[in-house]
Amino acid sequence: MQNLRRILANTSLFRMLDDRQLDEVTAATQPIRASTNTCVINQGDAPKGVYIVVYGQVKIGFDRKDGSEKTLAILGQNKCFGLGEMLLDRAHLAFVKTTTDSMLLHTTRDKVLEVAKENFPFAQELMVCVGRQLYTLVRDIESYSLQTAKQRLAGYLLRQSQYQAGDCVELIASKTLIASRLSLTPETLSRLLHDFSSDGLISVTGRRIKILDYERMGGMLAA
């Protein structure tokens, strides 16, 4: 229990709780250890609370009519999901599956809402998390509608370089999963990476991509 409390205290979502609130949240939290490709949430499930990734990775997506999957998000350590559905008390529209062996934490909806009523910084963090997810969704819709495949890939690599704080980007998932995230086929993604490399924009070593020309790559987004 103390280990669980310590993990919660170090998450971005729960870090501003006082000792009593942290104890209450710990008591209302269940650790979930899931192997690769475990379905944590099914489409249509009722919202039962908020989930946090302690380690591992999950993908959020939905099944297309042709049987394929569309990936909406890929979330790693310290990321949360299920907030929007929990706050609206609406069924989940997308599934959540692990992409590798993972440990997740699930905190009940009732306890999250109870603590939010008495702790404004926590309630504010909930709003920030939901706002960030909405912003990402709108940005993605814009890119799918208005940007070329090259622009989508360039934007993705530039954002990842900011998140990972360096000019070398480590692909966070398989090329198939990233391709789905960018609304590309795996074949198109591989071809674009080859084209970028041939044009001197990047160098590729396994899953590591080094951005060689930020200016030209950024210029692609303005074209």
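It should be noted that the structure appears before, not after, this text.
The shown structure was predicted, so the numbers you read here are calculated from the model rather than taken from an experiment.

Caption draft 1: The pattern of salt bridges, seen in detail. Tallied over the full model, the rule gives 13 salt bridges. A salt bridge links Glu24 to Arg20, with the shortest nitrogen-to-oxygen separation between them at 2.9 Å. Of this pair, Glu24 and Arg20 both sit in helix α2 (residues 19–27), 4 residues apart, which is roughly one turn of the helix. Note on Glu24: relative accessible area 24%, which makes it partly exposed. The salt bridge involving Arg139 is made with Asp140; its shortest N-O contact spans 3.6 Å. Grouping residues by exposure puts Arg139 and Asp140 together as buried.

Caption draft 2: Inspection of the sheet that holds strand β4 (residues 58–63) at higher detail. With antiparallel pairing, 4 strands are arranged side by side in an open sheet as β2-β7-β4-β5. Every interior strand has two partners, whereas the edge strands, β2 (39–41) and β5 (69–75), have only one. Strand-to-strand, the axes of this sheet are offset by a mean angle of 35°, without reference to chain direction.

Here is what the cut-offs are and how they apply
Residues numbered from 1 in each chain as written. Predicted model: local features only at pLDDT ≥ 70, side-chain atom pairs only at ≥ 80, totals over all residues. Heavy atoms only, no water. Salt bridge = Lys/Arg side-chain N within 4 Å of Asp/Glu carboxyl O. Helix = DSSP H or I, 4+ residues; strand = E, 2+ residues; numbered from the N terminus. Buried < 20%, exposed > 50% of the residue type's maximum accessible area, 1.4 Å probe, protein only. Pairing = 2+ DSSP bridges. Axes fitted to C-alpha atoms, helices over the stretch in contact; angles between N-to-C directions.

The quantities given are spatial measurements derived from coordinates; they are silent on function.
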